[in-house]
Each structure stands twice: as structure tokens, then as C-alpha cells.
Amino acid sequence: MSEFALEVKNLVKKYPVHGGDEKVAVDNISFSVKKGEFFGFLGANGAGKTSTINCITGIGKISGGEIKVFGYDAVKDYREARKKIGISPQEFNIDIFAKPKEILYFVGGFFGLPKKERQARIDHVFHEFGLEKYADTPFRALSGGYKRRVMLARAIVHDPELIILDEPTSGVDVELRYELWRILTELNKSGKTIFLTTHYLEEAERLCERIGIIFNGKIVALENKAELIKDGKTVEDHYLHYAGLQKNGV
Amino acid sequence: MNTIGLYALIEYEVSKLWRVWIQILVTPWISALLYILIFGQIVGRRIGEISGVSYIDFVVPGLLMMNVMQSAFSHTSSSLYFRRFVKNIEELLAAPLSYMEMVAGFVTGGIIRGLVVAAGVYAVAFLFTATSVAHIFLFIFYSVSVALIFSLLGLLIGLWSENFEQLAIPQTFVIMPLTFLGGLFNSIHMLPEKFQWFVKINPFFYFVDGLRYSMIGISESNRTLGFVLIFALVFGLGFLVWYLFKKGYKIRT
């Protein structure tokens, strides 16, 4: 068995643009995430974070390179690879008319959970995210914070080994952010590998063991957090350095 | 094969029937009631018999087939388009489901809706006439295979559409006219001879006529040609839809 939860080798992702040209969103990147690691993937808007995630999860097509999830090829052994992944995307890509209990019931089914086991997992996840009261409320009628909770609950309903979170705390209040940090830390302590993208650099500094920074589709830094900040600078200082910016102004 | 996943997708598709059941189920049943009342009872009495059966018995199979086609098509086209529109298709793409299983899940939902709506229309018709089924296996074959064809067509339109207007175009400009011109309300012999060729090249004619034969034993078409057409459409459309899913046409970035 591989010691890595995720191995990305020479990944390229291109998008067609008007005029027959191609835009390179991810430019030949390689990195790996160890089992049980809390990995932060940072970058500006349009840097290539979501494109990378889409390639890992099967939402996007890979233009070049190779991705392995717990040793399974993300394209050839897609069933095994995807069973191990739970994804919470940045956007609310949910059937807005469905109720949380229906959303989790069906998604658990898509991932092959038998009904009995599924119901036990739904009960557990509802409890974990404090969603019991809102199980029968249509998604569109929930507040932003509860919508985000449903997104995260959906990501872990099938008990995946690798949890991919694309800006999970964007737009949530401070209380919920702390609550989500607690849940993510507990999940990581229980052995789950977490792949997190965020714009909140203090969030990455607080939660992640290792950090990758991507700019213009290329990885410009990939280090242990402890190694990165041993010079006394914060993750934010390093991020701004790679972005060519300075604190308190350009 | 991910049988639990496929079953969950079918359950999900079928669950949509009950969300807006008045629009999905009651509306076509009321429309069918009005068609049967006006064309079957009022106009039909003046027309008399066609090929030895009452006009209402001649019309009912066409109404059933029209509802099968429209319901199956509406279900898959709107379901897939809505999933694309809110990016909810990503939920399926990230799951351990094959493209064949995704297509099968959508299509089964479409077939079930088509058959449920048709069963209601049959029940409505039963209030006015002793609707019969002369050949039960043919009746099932035509109902299911045509529902399958229109579910697949619905998926094609659900993939192709860029907005709600495009989603509605085929229903208004293709399915409805070809159904009405496919012998739904009239025998082909009621048309002037020089226009009969137009009905014979309309594939919908073979669907309506096939179901009519299975119910009242009267056929005006070449049924062998009808079978060939149905099998060709099932396999041709099935392959095309599967291929487009596999290529990620408008569903994968």
C-alpha cells in the first residue's frame, strides 16, 4: 500500500478559450500528501487550486500527468479512488429544493453505502454538524452557515479517507469558523487526510502541517509549516512574498 | 458495478415525481380527460367508427403514447439541465458511478415517469370506454421502448441546452407537431393520398400505431419497419448519449 493519500505527478490542466487557443490553468505540477496529513493548498483566485481539485475528484478532465489516490489511479481505477474522496466545493452545487436528509441519503447511496449503514452515518454526521433540527428544511431555506454545514456533511457522509475542502469557511461567521476548525481538527486526529484550500492564511497556519502555494498554475512553495515559519515570519508573510506583495500595501 | 449507487440515482430521479406531483402527474391526467371528453365523446360521436372500432377507442392509444413520450422526455431533459445549471452534476461526477450507470439512472427515472403518467391516462380513459389490451407483451414493449427513446432524447437536449428556452424548443416544435401528425387523432386513410407519405416518414407514426395495434389490434403501418426503427433508435441514441457523457460534453470542465 502507498504511504501517500494523494500523489500528483506532472499534472496539466488546460481549458479551451475563444479563438481556438488553450489556457493553461495547471502547469505541470507535482506534489504528494501523506496519509493522515493536514495539507494546505494556497493561492490567489485563478491560481489553479480549484482546477487541481477538479482533476483529483473527477469533476474535471486531466489534460496531462497522473493522479493517484491511496495508490489508485484517479482515471483507470476511478471507482476505488473516488470512494476514498469526499469533496466540499467552494460553490453550493446542491439540489436547492432537496432537504438535507435527502441530500445525504442519496449521496451516501451514490458512494455505495448500504441503507442501514447509510442511515447510521447520516445520524452521526447530522449530530456532528448540529443539523438534526434542519433535516427536513429545504436547502434553499437554510442560512448561509447551515448551507455550508450541509456541504461539509455531504462531503463526509460516506466516511472518506481523503477530505478535500475548497474554501470551506468562506462567507461564514466567526463562531461557525471556529466550530468548523474544531470538527476538521477532530477528523484529522481520527486519521483522515485533509486537503484544504483557503484564502484565510491564519486558518492555514493554525490547521495545516504542510503547505503548498500555487501561482499561475505552478507550485512555488511546498514545505512543512514548521520549516516555512522557522525564520520568524508568518505563512502570510511568505505568501505575500511569493505573490510579489508586501504587508500593508503593494 | 455500483448497484447501490445506481439504485440511489433511480430513487432520486423518481423522488422528483412527488415534489411537484400536481404539475408532473395531475396536469397530464386532466389534459387527457379533456382530450377524451372533447375528441372521444363529443367529436367522436359524429365521426363514428374507424376500422371497425369507436373513435374513442382509436384515439386512446395515441393519447397514451403522447403522454409516454412527453413525460419521459421532460423528465430527463429538465433533470439533467437543472443539474448542469446549478452544477449539481458534479455530485455524480465525483461519485464512483460509471457513465453507463449515470445514463441508466436518468433514463430509468424517465421511463418510470412516462409509465406512471400513462397509467393515469389509461385509468382516466377507463371511465369512458372499455379500454382493452389485445397483446400485453407488445403493449409493454412499445410503452417501455418508446419511453426509453424519449428519455435518451431528453438527455441529449438536457446536455445541449444553454438556457430554459432551448430546453423547451424540442417539445413545442418537434415532439408535439410530430405526435399530432403521426396519426394520434386520425387514420392515415383519412388523409389525401398525396399527403400520406409524410405520415409514413414520421417515426412517431410507428410508435403510435404500434401501441394502437397492441391495444385494439388495428395497424396501419409496416410493423417490421417499426421494430427496426425502435431498435435502431434505442441503440443509436443510447450509444450517442453514453459517448457524450464519456467525453464530458458540457458536463465536465
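Quick caveat: nothing in here was measured; it's all calculated off a predicted structure. (Residues numbered from 1 in each chain as written. Chains lettered and ligands numbered in written order. Predicted model: local features only at pLDDT ≥ 70, side-chain atom pairs only at ≥ 80, totals over all residues. Heavy atoms only, no water.)

A. Examining the overall build of chain B more closely. When you go through chain B residue by residue, the secondary structure sums to ten helices and two strands. Counted from the first residue to the last, chain B has its helices and strands arranged as α-α-β-β-α-α-α-α-α-α-α-α. A compact globule built from 253 residues would reach a C-alpha radius of gyration of about 18 Å, and chain B, at 19 Å, matches this within 12%. Taken along the three principal axes of its C-alpha coordinates, chain B extends 60 × 35 × 35 Å. Counting only residues that meet the buried cut, chain B has 56% of its 253 residues in that class. Total accessible area on chain B stands at roughly 11,000 Å², and carbon and sulfur atoms take up 71% of it. Across chain B, 16 positive and 12 negative side-chain charges occur, with their mean positions spaced 4 Å apart. (Helix = DSSP H or I, 4+ residues; strand = E, 2+ residues; numbered from the N terminus. Rg over C-alpha atoms; globule rule 2.2 N^0.38 Å. Buried < 20%, exposed > 50% of the residue type's maximum accessible area, 1.4 Å probe, protein only. Areas by Shrake-Rupley, 256 points an atom, 1.4 Å probe, with all protein chains shown as cover. Lys, Arg positive; Asp, Glu negative; His and termini not counted. Charge placed at Lys NZ, Arg CZ, Asp CG, Glu CD.)

B. Layout of the pattern of salt bridges. Residues and elements named next belong to chain A. Tallying each qualifying case throughout the model produces 19 salt bridges over all chains. Glu80 is the partner of Lys83 in a salt bridge, and the nearest nitrogen-oxygen pair spans 3.5 Å. With a gap of three residues between them, Lys83 and Glu80 both fall in helix H2 (residues 78-83), about one helical turn apart. The class for Glu80 is partly exposed, based on a relative accessible area of 33%. One salt bridge connects Glu186 with Arg182, and the closest N-O pair in it is separated by 2.8 Å. A residue pair is termed a helical-turn pair when its members lie 3 or 4 positions apart in one helix, as Glu186 and Arg182 do in helix H6 (residues 174-189) at four residues. On the accessibility criterion, Arg182 (33% relative accessible area) is partly exposed. It is possible to trace a salt-bridge network through shared partners that takes in Arg121, Asp159, Glu161 and Lys192. (Salt bridge = Lys/Arg side-chain N within 4 Å of Asp/Glu carboxyl O.)

C. Seen up close, the pairing of strand E3 (residues 38-43) of chain A. Residue and element names in this part refer to chain A. The buried count for E3 comes to six of six residues, which makes it a mostly enclosed element. Here four bridges tie E3 to strand E8 (residues 193-197), and the two strands are oriented parallel to one another. Within E8, the position partnered with Gly40 by the bridge is Leu196. In the sheet, E3 pairs with strand E9 (residues 210-215) via five bridges, with the strands oriented parallel. When the sheet's bridge partners are listed, Phe41 is paired in E9 with Gly212. (Pairing = 2+ DSSP bridges.)

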